Amino acid sequence: AIDINKLRDLTGVITIDPGYKNSGSCKSEITFLDGELGILRYRGYSIEDLAEKASFLEVSYLLIFGELPTTQQLEQFENDIKKHTLVNEEMKNIIDGFPKTAHPMGVLSALTSALTAFNPKAVNVDNEKEMYEAICKTMAKFLVIATWTYRKSMGYPLNYYDNTKGYVENFMQLMFQLPTGPYKASPVVIDALDKLFILHADHEQNCSTSTVRMVGSSHAGLFASISAGVSALWGPLHGGANQAVLEMLEEINKDGGDTDKFLAKAKDKNDPFRLMGFGHRVYKNFDPRAKIIKKAAKEVLETLGVNDPILEIAKKLEAAALEDDYFKSRNLYPNVDFYSGIIYRALGIPTDMFTVMFAIGRLPGWIAQWKEMRENKEPIGRPRQIYTGHPLREFKPNK
Ligand code: ACO
């Protein structure tokens, strides 16, 4: 019989790093971040510059192809995306199979995976042309099906992409245009969304991106890998935090607005409650995206004339936490999700769609990381473990 304890000695040195807090999984040229200094750059450009001066499609091109596009290249990219905005009619049968109450992230993950069935060419990308086509298809169809998850939950008829409008404007139209009348999103709204998508576009080897790379490392196709990324993003410790933040702020509001009470709960080690939207695995100083988003939230609410008590609670909570020794000593600062939900709410986006918004923003990052992983010919991801279960046991059949 094999002695498992002897075998263990033959496996060599295995490092255990739960949560991969100190383990790098790859080399990457895409995103640089310095958690101590609060620096975030895409392909060498600062997030502050990009959020201020670039468009989401420009940033998507930059992340995916490595350089900012010329005017012509950007136009070409946008046109190539438009060629693929139709989604196979049979996808509607799949969406009809879900109950109206299904969470949009679950539906989005399933629909993204289902795209493989209708676009088999985007599954095996063997050359640059196929890779480019798979990228444009993903950028096009993901946006459409993301908005379909919302329309399904509302019982609205499904909408089609309008090729006369821009990408972000299309998002609003796909979501909110009803057969009863025309819909026009305000430029302030489009601008704010563009910024939000840029801020979410990539964040190096976070949970969902690592998942996309890991799934892709087995040479699963782009849609299948992105679908796995959507599932990873869904959790409340990752992208799901923006929904959790809003729910927490609403709960505080309903409870009478006593932020101190919730602060005390978050500090109580016997209480599982955490202050949602606070803390970050990498940023141990501040999250540079939170600064930009805080300003954008203020601008959007002022321009749209929204007077939201939730924003007041958010500000009070942030001020109290920043003064609190528990949060200070653990370097817990508001992260990007603390303010994004407030903007989404002002734009009329329902709470359970917040993480879908994050996914739309993160899509070019996932694509860029997947492409880099394939181009670098990275080996299949396959971590090791240290076995802590039973030694060999004898199987005795039941009489
Ligand atoms: N509220 C209260 N305490 C917290 C919080 C919080 N939000 N975040 C961390 N802590 C405490 C922990 O209890 C721990 O305390 P201890 O040292 O006394 O045990 C200490 O701070 C360190 O926390 P870890 O969980 O070890 O930090 P980690 O880097 O593993 O987790 C995470 C980071 C998951 C983001 C965490 O801060 C958290 O759960 N935050 C709330 C959820 C959230 O906002 N997630 C969004 C992340 S950003 C994004 O995905 C875009």
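As annotated in an unreviewed UniProt entry, the chain carries the name Citrate synthase and comes from Flavobacterium saccharophilum. Recorded in UniProt for the chain, the comment headed Sequence similarities (unreviewed entry) runs: "Belongs to the citrate synthase family." A UniProt comment under Pathway (unreviewed entry) is attached to the chain, and it reads "Carbohydrate metabolism; tricarboxylic acid cycle; isocitrate from oxaloacetate: step 1/2."

*Asks:* Where do I start with the overall build of the chain in this structure?
*Replies:* Along the chain, the regular secondary structure elements total 18 helices and three strands. Principal axes of the C-alpha set define a box for the chain whose edges measure 75 × 55 × 55 Å. A burial count over the chain gives 44% of its 399 residues as buried. Restricting to contacts in the chain with at least 6 residues of sequence separation, those with at least 24 account for 76%.

*Asks:* Help me understand the packing of helix α13 (residues 259-267) against helix α15 (residues 309-323) in this model?
*Replies:* Packed helix pairs are specified by the crossing angle of their axes together with the interaxial distance, meaning the distance between the axes. Running from N to C, α13 and α15 cross one another at 50°; their axes reach a closest spacing of 10 Å. Judged on the interaxial angle alone, α15 and α13 are oblique. The two elements α13 and α15 meet at a crossing, and its hand is right-handed. Taken together, the residues of α15 that come into contact with α13 (itself represented by Thr 259, Asp 260 and Leu 263) are Ile 313, Lys 316, Leu 317, Ala 320 and Ala 321. In the contact of α13 with α15, the residues fall into five nonpolar, one polar and two charged.

*Asks:* What should I look at first to understand the UniProt feature "active site" (unreviewed entry) in the chain in this one?
*Replies:* Taking the numbering used here, the UniProt-annotated feature "active site" (unreviewed entry) corresponds to His 280 and Asp 337. Despite a sequence span of 58 residues, these residues sit close together in the fold, their greatest C-alpha distance being 10.5 Å. Turning to its location among the elements, His 280 is positioned in the loop between α13 and α14 (288-304). The exposure class of His 280 is buried, given the 22 C-beta atoms found within 10 Å. With residues up to four places along the chain from it excluded, the contact list for His 280 reads Asp 287 and Asn 335. Structurally, the position occupied by Asp 337 is in helix α17 (residues 336-346). Excluding its chain neighbours within four sequence positions, the residues that come into contact with Asp 337 are Ala 241, Asn 242, Val 245 and Gly 277.

*Asks:* So what exactly am I meant to see when it comes to the packing of helix α12 (residues 241-254) against helix α18 (residues 354-375) here?
*Replies:* With their axes 7 Å apart at the nearest point, α12 and α18 run at an angle of 150° to one another. If you check the angle between α12 and α18, you find them roughly antiparallel. In this structure, the crossing between α12 and α18 has a hand that is right-handed. For the pair α12 and α18, contact is made by Asn 242, Gln 243 and Leu 246 and by Phe 354, Thr 355 and Phe 358, respectively.

*Asks:* Mind showing me how you'd approach the confidence of the model for the chain here?
*Replies:* Low pLDDT marks regions whose predicted coordinates should not be analysed in detail. In the predicted model, the chain carries a mean pLDDT of 92, and the fraction of residues at 70 or more is 97%. Scoring of the predicted complex yields 0.88 for pTM and 0.94 for ipTM.

*Asks:* Any chance you could explain the nonpolar core here in plain terms?
*Replies:* Within soluble globular proteins, side chains that are nonpolar tend to cluster in buried spots. Among the nonpolar cores identified, the biggest contains 113 residues, and Val 59, Leu 108, Ile 198, Ile 343, Ala 359 and Ile 360 are the most heavily contacted of them. In this structure Leu 108 touches Ile 145, Ala 146, Thr 149, Val 230, Val 356 and Ala 359, once residues within four positions along its chain are discounted.

*Asks:* I keep staring at the site of the ligand and nothing clicks. Help me out?
*Replies:* With respect to spatial proximity, 18 residues lie near the ligand, and among them Ala 241, Arg 274, Phe 278, Gly 279 and Arg 281 are the closest. Residue classes in the shell around the ligand are distributed as eight nonpolar, six polar and four charged.

*Asks:* How do you make sense of helix α6 (residues 104-118) when you look at a structure like this?
*Replies:* Because an α-helix packs 3.6 residues into every turn, residues spaced three or four apart end up facing the same way. Compared with an ideal rise of 1.5 Å per residue, which puts 15 residues at 21 Å, α6 spans 21 Å between its outermost C-alpha atoms and is within 8% of the ideal. Among all positions of α6, only Pro 104, Met 105, Val 107, Leu 108, Ser 109, Leu 111, Thr 112, Ser 113, Ala 114 and Leu 115 are buried. The elements touched by buried residues of α6 are α5 (91-96), α7 (128-154), α11 (222-234) and α18.

Calculation notes
- Residues numbered from 1 in each chain as written.
- Predicted model: local features only at pLDDT ≥ 70, side-chain atom pairs only at ≥ 80, totals over all residues.
- UniProt positions renumbered as here; feature names shortened; annotations may be inferred.
- Helix = DSSP H or I, 4+ residues; strand = E, 2+ residues; numbered from the N terminus.
- Buried ≥ 20, exposed ≤ 12 C-beta atoms within 10 Å, placed from the backbone.
- Contact = placed C-beta atoms within 7 Å.
- Axes fitted to C-alpha atoms, helices over the stretch in contact; angles between N-to-C directions.
- Parallel < 35°, antiparallel > 145°, perpendicular 65-115°, else oblique.
- Left-handed = near helix turned anticlockwise from the far one by under 90°.
- Nonpolar A, V, L, I, M, F, W, Y, C, P; charged D, E, K, R; others polar.
- pLDDT = per-residue confidence, 0-100.
- Core = buried A, V, L, I, M, F, W, Y, C linked by C-beta atoms within 7 Å.
- Near = placed C-beta within 6 Å.
- Expected span 1.5 Å × (residues − 1).

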